[in-house]
Amino acid sequence: MTNSPTGAAEPALRIADFGIDTTSRATGEALRDYVGKIRRGDLGALPALVMLAVLLVLFATLSEDFLTLNNLANLLHQGAGQAIIAMGIVYVLLIGEIDLSAGTASGVAASVLALHFQHDGNLLGAMGGSVFYAFALGLAGAALLALLLRIWLGAGLSALALVLVVAGVGANPWLEMLLAVCVGAAIGCVTGFAVSKVRIPSFVVTLGLFITWSGVVLQLVGPGGTISVRQSPELFAVANGSLGVAGSWLLFLVTGAGYAAVVAHRHLTRLRRGLVAQPTVLVVAKVGAVLGCGGVATYLLTLNRSPHPELASIRGVPYVVPIILVLLIAGTYVLDRTRFGRHLRAVGNNRDAAHRAGVNVAKIRMSAFIICSSVAAVGAIVYTSKVGSVDGSAGNGNLVLFAVGAAVIGGTSLFGGKGRMQDAVLGGAVLATVQNGLNLLGFAAAPVNIITGLVLVAAAGVDALSRRRSTAQHDS
């Protein structure tokens, strides 16, 4: 084999033969490509961003209390639980399914948490013999269902829930929060198995389980009953407490530096490998904008926002912010950087094609429901902490509908295959802003529900129209 002066150019020539653009695009080209994507119906998060900007300007104009520090912090508290549940629902929407039982499933998790805390771990005495043994048997069955499909995480969490329930360990706030997540995972095993293996339509299964889990909550809490968790400073602080000033800036520095490092590494890697990359100017501008907004938000939240500053001081980033950030970062990594995430999108785009390509479709679908219910349990912890108690209506009402709506408003498709974790956060911010602003303006519950519902319908309409336009462009 002889060396050739053109040998170094052969890889580039081979790439060029396949028509792959390996040059970094100029800023103008990148902007034109983005406009082209919008015209083809690939709107992404643009509608939600525009809607959020309009709402912020509108409510800031109509209410002098909207942009106060105290109200902006309240927005974070009010939208956190809803956004967290929506983050779990993104996984189910990605495979083209729906989970209408996520809200009441979170209610079951919250009820078990509260009972375990109030009765010092004695769930047998709290539930009564028949209910306790039926509950323990259900947890064991959930673990078995997960083992049948070799979903080790679901089986492990369900088994751990069984151990915690049977062991009767004394009340501990961290143990109770772990138990709630494990109960959520067990519920996801039951839901996912019914959809993926029994092949009952997810709408039917989750609608039935919505009613079932509502009954379970009533059984555990009692009609008209309330279980308080205010006696636990740790549980109450989850949604009501804040980091200190130093902790807030440390959170900003760690997350900001991590975000900048990840974006820079990804951009430089694409340039080094000769792949199509965004212009460096736009990448730097994006990172600068995110860090700038984060820095301003951190500064504002470290100011004293107490309504009565002479009596008390409330400063620092609320605890719900790092909780959401952890879920956002972990979920984004799973969806964007793992084989499981690629399989989720493949199943959502074309289930039959994914099956022919060797994807274990049943396992992927069941796993999505397990993740959804587990994350919903985290949302339940936040909701329980914010209210300070659990009652017989926990998880009922419009909770799950708002959570699904939050994901769709943010850009996740109802038809599967398209969605990101940040969609849930962005959509949750939109819904929280609508509800908060209307309440400040003195609207009653009826118009608030009407306007919120119309926002959800508009988001679903945009999703359907953009998908139709994208399909038409592809076919042509």
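Preceding this section is the structure that the text describes.
Since the structure is predicted, the reported quantities are computational estimates derived from the model, not experimental observations. (Residues numbered from 1 in each chain as written. Predicted model: local features only at pLDDT ≥ 70, side-chain atom pairs only at ≥ 80, totals over all residues. Heavy atoms only, no water.)

Draft legend 1. Representation of the nonpolar core in the model. Ile89, Val112, Val183, Met366 and Ile409 are the most contacted members of the largest nonpolar core, which totals 116 residues. The leading source of residues in this core is helix α17 (residues 361-387), at 15 residues. Excluding its chain neighbours within four sequence positions, the residues that come into contact with Ile89 are Asp99, Ala102, Cys372, Val400, Ala403 and Val404. Ranked by size, the runner-up nonpolar core spans five residues in total, among them Ala73, Leu243, Leu251 and Leu301. (Core = buried A, V, L, I, M, F, W, Y, C linked by side-chain atoms within 4.5 Å. Buried < 20%, exposed > 50% of the residue type's maximum accessible area, 1.4 Å probe, protein only. Helix = DSSP H or I, 4+ residues; strand = E, 2+ residues; numbered from the N terminus. Contact = heavy atoms within 4.5 Å.)

Draft legend 2. The arrangement of a nonpolar patch on the surface in detail. Taken together, the side chains of Val198, Ile200, Phe203, Val204 and Leu207 present a nonpolar region at the surface, about 430 Å² in accessible area. Of note, Val204 is situated in helix α10 (residues 202-221). (Patch = residues over 30% accessible without salt bridge, like charges linked within 9 Å, V, L, I, M, F, W, Y side chains within 5 Å. Areas by Shrake-Rupley, 256 points an atom, 1.4 Å probe, with all protein chains shown as cover. Salt bridge = Lys/Arg side-chain N within 4 Å of Asp/Glu carboxyl O.)

Draft legend 3. Structural detail: α17. For α17, with 27 residues, the first-to-last C-alpha span of 39 Å sits near the 39 Å given by 1.5 Å per residue. In terms of residue burial, α17 counts as a mostly covered element, since 22 of its 27 residues are buried. (Expected span 1.5 Å × (residues − 1).)

Draft legend 4. Looking closely at helix α12 (residues 245-272). Taking 1.5 Å per residue as the helical rise, α12 with its 28 residues ought to reach 40 Å, and the 40 Å between its terminal C-alpha atoms agrees with that figure. Looking only at α12, the buried set comprises Ser248, Leu251, Phe252, Gly256, Val263, His267 and Thr269.

Draft legend 5. Representation of the pattern of salt bridges. For the structure on display, the rule yields four salt bridges. Salt-bridge contacts for Arg351 lead to Glu97; the nearest nitrogen and oxygen are separated by 3.1 Å. Pair noted here: Arg351 is in helix α16 (residues 351-356) and Glu97 is in the loop between α4 (69-94) and α5 (102-118), with a separation of 254 residues, a long-range link. On the basis of relative accessible area, Arg351 is assigned to the partly exposed category, the value being 34%. Taking relative accessible area as the criterion, Glu97 reaches 9% and is therefore assigned buried. The closest approach of N and O atoms between Arg345 and Asp336, which form a salt bridge, is 3.4 Å. Owing to a relative accessible area of 39%, Asp336 belongs among the partly exposed residues under this scheme. One network of salt bridges, with partners in common, ties together Glu97, Arg351 and Arg365.

Functional significance is not addressed by these values, which are geometric in nature.
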